[in-house]
Each structure stands twice: as C-alpha cells, then as structure tokens.
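Working through the structure, step by step
One letter stands for each residue in the lines below.
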Amino acid sequence: MSYAALKLSNEPARGLIDRFGRRHSYLRVSLTDRCNLRCGYCMPPEGITVTPKPQLLDENEVVRVASVFVRMGVDKIRLTGGEPLVRKDLDAIVARLGALPGLSVLAMTSNGITLGERAASLRAAGLNALTISLDTLKRDRFLDITKRDKFDAVMEGIEAALAAGYAPVKINMVVMRGVNDDEIEDFVAWAQDRPLQIRFIEYMPFPGNHWHSAGVVGWNEIRERLETRWKLAPIAVHPSAVAKEFQLVGHQGSIGFVTSMTDSFCGTCNRLRLTSDGNLKTCLFSPAEQSLRDIMRAGGDDAALEAQIGRAVGLKQAAHAPMEELARLGNRAMIEIGG
Ligand SMILES: Nc1nc2c(ncn2[C@@H]2O[C@H](COP(=O)(O)OP(=O)(O)OP(=O)(O)O)[C@@H](O)[C@H]2O)c(=O)[nH]1
Ligand SMILES: C[S@@+](CC[C@H](N)C(=O)[O-])C[C@H]1O[C@@H](n2cnc3c(N)ncnc32)[C@H](O)[C@@H]1O
Ligand code: SF4
Ligand code: SF4
C-alpha cells in the first residue's frame, strides 16, 4: 500500500510504523511527575527533583501534541503520571482529548486517592477506561508500601469507579516476593462478585527502586498457584495488549498478567510515551528521548512535530534488554515516566 493510500484509509501514517513493522496506536501521556504516594518500587527513597511547572507541557500543548499523534494513527491515549489526579487542569484535558475525532479509548491509570469525588465527573467528561493501582488489601501494609495512610481513600475511589460504571475497573498489583505475594488469592477472591480485573504485574527495575531479580514473581508461578483453586479460561485480547487475560469460571471479575520480566511482549508493542516535560520516549526501558515541547516552543508547526515523531519511531529498538542488564541501564525513575 502506498503512503498516500495508508493515510486515506485511516491507517496509521508511515511515521508511526517502525522498522520492525509495528504500528503504534497507543500513546501514554504523563501529566506530572508529582505524586501523593511514595511507592518504593516507583519513587526513589530520596525523592526526585520535580519538574518546575513552566517546564511541564501546559493544557494546550498536551492537547496539541495528542492531536498530532491521533492524526498520525493513535486511537488510544492513557493519562498517567506521577499521579494524574494532582494535575489541576485534568478535567479540561480529559474533556478536550475526549473530543478528538479518531480517539476511541481515553484511559487513566491512577492511585485512586481522590477518585471518590471525581470518578463520575471524569467519566462524564470523556474518560472511558480506568485503572487503579493497589498492591495490598491490608491497611498497615499499604502504609509500608506507599508511606502514606491512604488505604481507605483508595478503597473509596474504587467503589466510586464501580458506581460510575467503568467496566471493568482494572486493579494493578505489582507483585513482590516477600512483600505482598501472600495476597494474590485474596485479590482474586475480592473480584468474585465485582466487575474488577485484577492485574498481576511483574516487578520491573528502574533507577532507585531497589529492584532485585529474586523479588520478581513470574506469571507462570502465579498462574499455577491460582489453578489449584480456580479454573482459568483465556480471554481473547487486542493483539498488542499488555496483559494476558483470563476469566475465572463462576467469577464476575477477571484477571490479567503483565509479564514484562519473564515473557516480554515487545514484538507486538504499539506504545509510545510522552513525559510530562514533553519528551517522546519510544520504549519504557530506553533512555532515548526527543523533545516535542522544544519544537512547539520554538514555533515549530505540526509538520515539524510529525517529522520528529517519525524520526524517533524509526529509531525504536526491537525489544528491551535482558532483565539483569535493565537494572544497570540509565533511565528515568518510573515516577518520571508513568509506566
Ligand atoms: N514492559 C512494558 N510494560 C508496560 C508497557 N505498557 C505498560 N506497561 C506496564 O504495565 C503495567 C500496567 O500499565 P497500565 O498503566 O495499567 O496500562 P496498560 O496495561 O497499557 O492498560 P490497558 O490499556 O488496560 O492494557 C504497568 O506496570 C506498566 O508499567 C510496555 O509497553 N512495556
Ligand atoms: C507509575 S504509576 C503512575 C500512575 C498512578 N500514580 C498509579 O500509581 O496508578 C503507573 C503504573 O506503573 C506501575 N509501576 C510503578 N513502578 C513499577 C515497577 N517497578 N514495576 C512494575 N510496575 C510498576 C504502578 O503500579 C502503576 O500501576
Ligand atoms: S506507583 Fe503511582 S502512586 Fe505509587 S509512587 Fe508511583 S506514581 Fe505515585
Ligand atoms: S519494553 Fe519497550 S518495546 Fe517492549 S513492550 Fe515495553 S515499550 Fe514496547
């Protein structure tokens, strides 16, 4: 198919197809590197130097870059952070992104702390998929992991999300051996009568997160454990899906596994990332970044943005480095990337 035909047929433009033939249709937009929790696997213990506000993309810049990506073939945007709910102009951003023609999924990953009051209004504004992170069902342990006593607020947020009609509400649990792996079955039982999808995430290495390979609980181990109690039936998912999903027979909820460490899924990767300071990152684990903010602030037009995006996608690597090597590679802290 010619380049012109690709554009006419509403397929992603060549700019979003990399040299391995992967079509990038999913953009993760980090809105801030600030957060009201301090999860040890994400935020380095000494904290980070938060980006001064003038260096962050403002509302208009976020919407402009997003609209360029959507014109180039992105049909799904996930808002993340840091904590996206701490961004004061979030409602306006959601409303404007939700109105972009061609965008079918506008999702958010959040720690849920202030969702109690906001889940319904965000849905009304255009958010149509919601994931809430929760690593434990025990209040004391929540404080240990996140350094903040906010367990009840998160549970309230989850209830509000269910009441607002997000279906399913996805729950992200980073499974860490010796920290919370004794709660895997409790999470599954929690989803018995609720439309939750519990996603077990393999613990990944980032600067300052004290990752060690023995802390990773591989998805096969979890699956085998669960199969002693429940019957798991695979669910068909999007070919580029991050999670392997399963229905549990007799359960309203479902489960998913994000297997980056023991069974990576780079071959079907369709994801690009925008950091809150406006850098394009073509891979979660690659230190390579290109500034889109600087092009906009230098007066560059949308064609210049498209050209820079196309160049970056053209340089994307086939896959991430092996697990042990990743821990040694330079990268931003996870809180500065957004997952
Ligand atoms: N290795 C790797 N991990 C990813 C990628 N995208 C998301 N993750 C991780 O997957 C986990 C879940 O991320 P979410 O923010 O819930 O997003 P998602 O899995 O894309 O969500 P869905 O759209 O519901 O599939 C987090 O730990 C992310 O860091 C990716 O491209 N590569
Ligand atoms: C960086 S957070 C940002 C959004 C929001 N603050 C939240 O916690 O949901 C996005 C996702 O990345 C996950 N994450 C953070 N650090 C991780 C790590 N080291 N390994 C695996 N997942 C991680 C979090 O659990 C969360 O689900
Ligand atoms: S995982 Fe989310 S809630 Fe926890 S420190 Fe990172 S950004 Fe904050
Ligand atoms: S590690 Fe990089 S290439 Fe692999 S799935 Fe994640 S973002 Fe894509």
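Residues numbered from 1 in each chain as written. Chains lettered and ligands numbered in written order. Predicted model: local features only at pLDDT ≥ 70, side-chain atom pairs only at ≥ 80, totals over all residues. Heavy atoms only, no water.

Going by what an unreviewed UniProt entry lists, the protein chain is known as GTP 3',8-cyclase and is assigned to Roseiterribacter gracilis. Quoted verbatim from the Catalytic activity (unreviewed entry) heading of the UniProt record, the comment on the protein chain is "GTP + AH2 + S-adenosyl-L-methionine = (8S)-3',8-cyclo-7,8-dihydroguanosine 5'-triphosphate + 5'-deoxyadenosine + L-methionine + A + H(+)". Within the UniProt record for the protein chain, the comment given under Subunit (unreviewed entry) is "Monomer and homodimer." (UniProt positions renumbered as here; feature names shortened; annotations may be inferred.)

In this model, the protein chain carries a mean pLDDT of 94, and residues with pLDDT of at least 70 account for 96%. Counting interchain partners and residues more than four positions distant, the pLDDT-below-50 stretch residues 1–12 has 16 contacts. Overall fold confidence for the complex sits at a pTM of 0.96, while the interface term, ipTM, reaches 0.99. (pLDDT = per-residue confidence, 0-100. Contact = heavy atoms within 4.5 Å.)

This brings us to the UniProt feature "binding site: S-adenosyl-L-methionine" (unreviewed entry) in the protein chain. In the numbering used here, UniProt assigns the "binding site: S-adenosyl-L-methionine" (unreviewed entry) feature to Tyr41, Gly82, Ser133 and Met204. Following the sequence through the fold, Tyr41 ends up in the loop between strand S1 (26–30) and helix H2 (59–72). By secondary structure assignment, the location of Met204 is in the loop between strand S6 (196–202) and helix H8 (219–227). Sequence-distant contacts of Met204, that is, excluding residues within four places in its chain, are made with Asn209, Trp211, Ser260, Met261, Leu284, Phe285 and Met334. (Helix = DSSP H or I, 4+ residues; strand = E, 2+ residues; numbered from the N terminus.)

Moving on: the side chain of Asn111. Mapping Asn111 onto the fold places it in the loop between strand S3 (105–110) and helix H4 (115–125). Reaching out from Asn111, the side chain makes a polar contact with the side chain of Asn36 at a distance of 2.8 Å. Here Ile113 takes part through its backbone nitrogen, which lies 3.0 Å from a polar atom of the side chain of Asn111. Apart from the residues lying within four places of it in its own chain, the contact partners of Asn111 are Cys35, Asn36, Leu37, Glu83, Ile132, Ser133 and Val154. (Polar contact = N/O pair within 3.5 Å; in protein donor to acceptor, adjacent residues only side chain to side chain.)

Turning to the packing of helix H3 (residues 90–98) against H4, a few remarks are in order. Between H3 and H4, the shortest axis-to-axis distance is 8 Å and the interhelical angle comes to 30°. It follows from the interaxial angle that H3 and H4 lie roughly parallel. Where H3 abuts H4, its residues Leu90, Asp91, Val94 and Ala95 lie against Arg118, Ser121, Leu122 and Ala125. In terms of residue class, the contact of H3 with H4 is built from five nonpolar, one polar and two charged. (Axes fitted to C-alpha atoms, helices over the stretch in contact; angles between N-to-C directions. Parallel < 35°, antiparallel > 145°, perpendicular 65-115°, else oblique. Nonpolar A, V, L, I, M, F, W, Y, C, P; charged D, E, K, R; others polar.)

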